[in-house]
Amino acid sequence: MATTMSLPSGIPAFNSQAGCLSSAKKINEFFFHCPLRRASQRVDLYRCTKISNSCSSYGNRESNAIAAAFSPNGVALPIGIFFCCLAKWLLDSNDRGGSLDHALVVGLAFDEDLKEVVSDLRSILLGVPLFDPLGSLTFGEGIEKLLLKSMLFCTRDGDDGLLVGRSASLEEAQVVLQLSFKDCPPSCRLGGSTDDGLRLTRINVNAQRKTKIVCTIGPSTSSRDMIWKLAEAGMNVARLNMSHGDHASHQTTIDLVKEYNAQCQEKVVAIMLDTKGPEVRSGDVPQPILLKEGQEFNFTIKRGVSTADTVSVNYDDFINDVEVGDILLVDGGMMSLAVKSKTNDVVKCEVIDGGELKSRRHLNVRGKSATLPSITDKDWEDIKFGVDNQVDFYAVSFVKDAKVVHELKDYLKRCNTDIRVIVKIESADSIPNLHSIISASDGAMVARGDLGAELPIEEVPLLQEDIIRRCRSMQKPVIVATNMLESMINHPTPTRAEVSDIAIAVREGADAIMLSGETAHGKFPLKAVKVMHAVALRTESNLPITISSPPGQFAAYKSHMGDMFALHATIMANTLVTPIIVFTRTGSMAITLSHYRTSSIIFAFTNVERVKQRLILYHGVMPIYMKFTDDVEETFSQALKLLLCKGLVTEGQYVTLVQSGAQPIWRRESTHHIQVRKVQS
Ligand SMILES: Nc1ncnc2c1ncn2[C@@H]1O[C@H](COP(=O)(O)OP(=O)(O)OP(=O)(O)O)[C@@H](O)[C@H]1O
Ligand SMILES: CC(=O)C(=O)O
């Protein structure tokens, strides 16, 4: 294993502009002439973990940006050069706070023989938590393991520092080496841009992902260990699909999520119960049945049939709903059949696209919704189960009109529960009623699986955009679901198209993106969450800062003080690049702020646990539970102290504090405030 720290030969020239460095020697010179200032410092473990959490998802962007800090014109240096420089710098002096083994690992990453490792660094950084409590760094381990244990993580410290640390053990994690480039000339600072169009965003490693992640819990993830790991990897909402499993298995999941929430004050995972709805499924088959193109195949409403050419369906009116000439889709189109004839109990078809028909597969008739009611008897039982367990959200399948939403909400009112109703837009019949359905709901899900089966598939992206736009204009949260990382059910990396799909949903402004089979029964559930997290975060970092409502609507705000304050607080926070702090009992002011898609995070302090749970679904909102006191100043300073000690804000940083909304806390009813404060310890 190579241990040399000398700069390898053949480092590529970075840039042809004047003043740029073009050889290893020059890099070296530049690096050591750069007026770096070291300040050894102890930071608390929480802060380290926080930093590591954000950095483990930054990979190349952060590293490149850090490298750019050392470049005279803000151009990102190749990641390896930075590692190499850092290794050398660490080794050159024993008292720099970094240790030999750390430097070695860093150096190894740049060894000629380990080029592949360097190029893979990003995925390694993305894939593993920084603080590996398993033990200390030991030489002799494989490079990959060493890298995992000694990852580089960096943050802007206030406006002028970099923290570089190691993760040999939890205790050692507390010791960090701080490189400060306070004294660097401005040209050394971050934020430059290059002629070749590479846009370097300002580092903000405290950046939190704003688009939330919903994970379906299933056989791959229902254990305690996996729930914990999913939550740590970025799951914000756990979805229970009532089409599968039974109450006992879902109860176990609910209990585990609640246990996680009780133990982990820093994070929260909400619970969403997704109803089965009037879905039509084929019956159980002992073994998959192979369907070949052109062969005859039948569906019968008789129960329990499973032969080479016939299976049961679970819905008697299937016979009446289906007509000769209809196209039947299995699993949203994975297989398809044309209806040729029907009898009293059998629908005879010809296979168009074949495949393996497994147990309980979803059946859709292209262009038609089943005539079943949106909430079936089974759904009512499941809804009651949700009430008993005080879940946070229902995702209601196959909603066709607003009536069913009102019916469910009336029921919930009678049960005296505050569970929120998310409508799943997946039925052909729902499209003409979109406005009234979304208005009646507390949010919507673009359930692309069934939507793309009931309607022509090419309509799905347009409907997705339309539903997101409608939800945003009505201040309702919106989730984009299905097939987001489908290939990761079986493979450890996503397709490029899937990555783009996530980026599109983030750009369109979805509050949340959802994983289904990827986490329910996939082989790589944690990797899928990490990819989703990284792609969302990276996409968000490159979004232009905009204010979501056009100025033409300003007049409307006059009658809605909360809206107006949310709008102006957002403008102020975006201009000053500060997070927003809001205090809320009902969650409504945080939700209003979320609607404006602030460029920084919204810290929503609430003294109601269930509000905290619910707010986690909303774009950009980080809900934090805190007891409010009668003294406004005391509560403010408690909140700032809490953020400071969690490493979510830094001393000297400004924050925008907004007090408004329908239910005043502290302030007299007629006064609303926006304050900009400097964080002081
Ligand atoms: N609670 C569960 N118990 C057992 N298997 C599950 C559970 N939840 C999900 N699965 C498995 O994971 C697969 C993917 O989950 P998903 O939520 O996408 O369900 P689906 O049936 O494919 O689609 P839909 O969302 O339309 O119901 C399911 O088909 C099922 O095989
Ligand atoms: C999520 C879901 O139910 C669908 O996409 O059909």
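Structure: above.
This is a predicted model, so every value here is computed, not measured. Sequence order sets the numbering: in each chain, residues are counted from 1 along the sequence as written. Chain labels run from A onward and ligand labels from 1 onward, assigned in the order the entries are written. The predicted origin of the model limits local features to residues at a pLDDT of at least 70 and limits the giving and counting of side-chain atom pairs to 80 or more, whereas totals for whole chains, interfaces and linings rest on all residues. With hydrogens and water stripped out, all remaining heavy atoms of the structure feed into the side-chain values.

Enquirer: Please clarify how the site of ligand 1 should be interpreted in this entry.
Expert: Each residue is tested against the molecule or strand, and it is near if at least one of its non-hydrogen atoms lies within 4 Å. In the vicinity of ligand 1, 18 residues are found, and the nearest of them are Arg239, Asn241, His244, Arg281 and Ser516. Here a polar contact means two N or O atoms within 3.5 Å. Within protein one must be a hydrogen donor candidate and the other an acceptor candidate, and residues neighboring in sequence count only if both atoms are side-chain atoms. For ligand 1, an oxygen atom lies 2.8 Å from a polar atom in the side chain of Arg239. Between ligand 1 and Asn241, the relevant distance is 2.8 Å, taken from an oxygen atom to a side-chain nitrogen or oxygen of the residue. Using a 1.4 Å probe, the Shrake-Rupley method yields the accessible areas, and only the shown protein chains count as cover for residues. In the complex, the protein chains occlude 76% of the 590 Å² of accessible area that ligand 1 would expose alone. Amino acids outside the nonpolar list (Ala, Val, Leu, Ile, Met, Phe, Trp, Tyr, Cys, Pro) and the charged list (Asp, Glu, Lys, Arg) are all regarded as polar, and Gly is one of them. Considering only residue class, the shell around ligand 1 consists of three nonpolar, 11 polar and four charged. Where each domain starts and ends follows an automatic or database-derived domain assignment. Among the domains, domain 2 (212-277 + 373-541) and domain 3 (280-365) are the pair contributing at least three residues each to the shell around ligand 1.

Enquirer: Explanation requested: the packing of aromatic side chains in the structure shown.
Expert: By convention here, two paired aromatic rings are described through the distance between centres and the angle between planes. Centres within 6.5 Å are what make two rings of Phe, Tyr or Trp a pair, Trp counting through its six-membered ring; a difference in plane orientation under 30 degrees is then read as stacked, over 60 as edge-to-face, and the rest as tilted. According to the stated counting rule, one finds seven aromatic pairs in the structure shown. Note on Phe299 and Phe318: the rings are 6.3 Å apart at their centroids and 75° apart in plane angle, and the pair reads as edge-to-face. Taken together, the residues Phe299 in strand β10 (residues 296-300) and Phe318 in helix α11 (residues 318-321) connect sequence positions 19 residues apart. Burial classification: accessible surface area is computed with a 1.4 Å probe over protein chains only, and a residue below 20% of its type maximum counts as buried, one above 50% as exposed, and the rest as partly exposed. Overall, Phe318 belongs to the buried group, its relative accessible area being 3%. Of the aromatic side chains, those joined through ring pairs into one cluster are Phe583, Phe605, Phe628 and Phe636. Charges are assigned to positions over rings by a cutoff of 6 Å between ring centre and Lys NZ or Arg CZ, combined with an angular limit of 35 degrees from the ring normal. Positioned above the aromatic ring of Trp228 is the side chain of Arg224, whose terminal nitrogen or guanidinium carbon lies 4.1 Å from the ring centre. By the criteria applied, helices consist of DSSP H or I runs no shorter than four residues and strands consist of E runs no shorter than two, each listed in order from the N terminus.

Enquirer: What am I meant to see in the sheet that holds strand β16 (residues 362-365) here?
Expert: Strands belonging to one sheet form pairs held by backbone hydrogen bonds; the direction of such a pair is parallel or antiparallel. In short, DSSP must find at least two bridges between two strands for them to pair. Pairing in this open sheet of seven strands is mixed, and the strands run β8-β16-β12-β13-β14-β10-β11 from one edge to the other. The open sheet has two edge strands, β8 (280-281) and β11 (310-312), and neither has a second partner. Bridge analysis of β10 against β11 gives three bridges, and the strand direction is parallel. Pairing of Phe299 across the sheet is with Val311, part of β11.

Enquirer: Help me understand the pattern of salt bridges, please; the structure alone is not making it clear to me.
Expert: Any carboxyl oxygen of Asp or Glu within 4 Å of a side-chain nitrogen of Lys or Arg constitutes a salt bridge here. This model, assessed by the stated rule, comprises 25 salt bridges. Among the ionic pairs, Asp225 bridges to Lys229, the shortest N-O distance being 3.1 Å. Placement of the pair is Asp225 and Lys229 together in helix α9 (residues 224-233), with a separation of four residues, close to one helical turn. Overall, the relative accessible area of 39% leaves Lys229 in the partly exposed class. Three or more residues are tied together by salt bridges with common partners; here these are Arg239, Asp274, Lys424 and Glu426.

Enquirer: Before we go on, may I ask you to explain the site of ligand 2 in this structure?
Expert: Around ligand 2 lies a shell formed by Arg239, Lys424, Glu426, Ala447, Arg448, Gly449, Asp450, Thr482 and Met514. Contact between ligand 2 and Gly449: an oxygen atom at 2.8 Å from a main-chain N or O atom of the residue. In the model, an oxygen atom of ligand 2 is placed 2.8 Å from a nitrogen or oxygen of the Asp450 side chain. Burial of ligand 2 by the protein chains amounts to 89% of its free accessible area of 220 Å². Across the shell around ligand 2, the residue classes break down as two nonpolar, two polar and five charged.

Enquirer: What am I meant to see in the sheet that holds strand β21 (residues 512-515) here?
Expert: Strand order in this closed barrel of eight strands is β5-β6-β7-β17-β18-β19-β20-β21, and the pairing throughout is parallel. Looking at each pair of strands side by side, their axes are set apart by 25° on average, direction ignored. With two bridges joining them, strand β20 (residues 478-481) and β21 adopt parallel strand pairing. Counted as the bridge partner of Val480 is Ile513 from β21. Contacts are assigned to residue pairs with any non-hydrogen atoms lying within 4.5 Å of each other. To obtain each axis, a line is fitted to C-alpha atoms, and for helices this fit is confined to the stretch in contact; angles are then taken between N-to-C directions over 0 to 180 degrees. Contacts from helix α10 (residues 247-263) reach β6 (237-241) and β7 (270-274), with the element oriented near 170° to β6. Sheet strands in contact with helix α13 (residues 402-414) are β17 (393-396) and β18 (420-425), and its direction is about 160° off that of β18.

Enquirer: How should I be thinking about the environment of Val257 in this particular structure?
Expert: Summarising the element assignment, Val257 is placed in helix α10. Taking the relative accessible area as the measure of exposure, Val257 reaches 1% and is therefore buried. Sequence-wise, Val257 and Val237 are 20 residues apart; in three dimensions their C-alpha atoms are separated by 9.6 Å. Ignoring any residue separated from it by four or fewer positions in sequence, one finds Val257 in contact with Ile227, Ala238, Val269 and Ile271.

Enquirer: What's the story with the environment of Val582 in this structure? I'm lost.
Expert: Position of Val582 among the secondary structure elements: in strand β22 (residues 580-583). Taking relative accessible area as the criterion, Val582 reaches 0% and is therefore assigned buried. Residues Val582 and Gln659 lie 77 residues apart in sequence; the distance between their C-alpha atoms is 6.4 Å. Residues in contact with Val582, not counting those within four places in the same chain, are Met589, Ala590, Leu593, Ile602, Phe603, Ala604, Phe605 and Val658.

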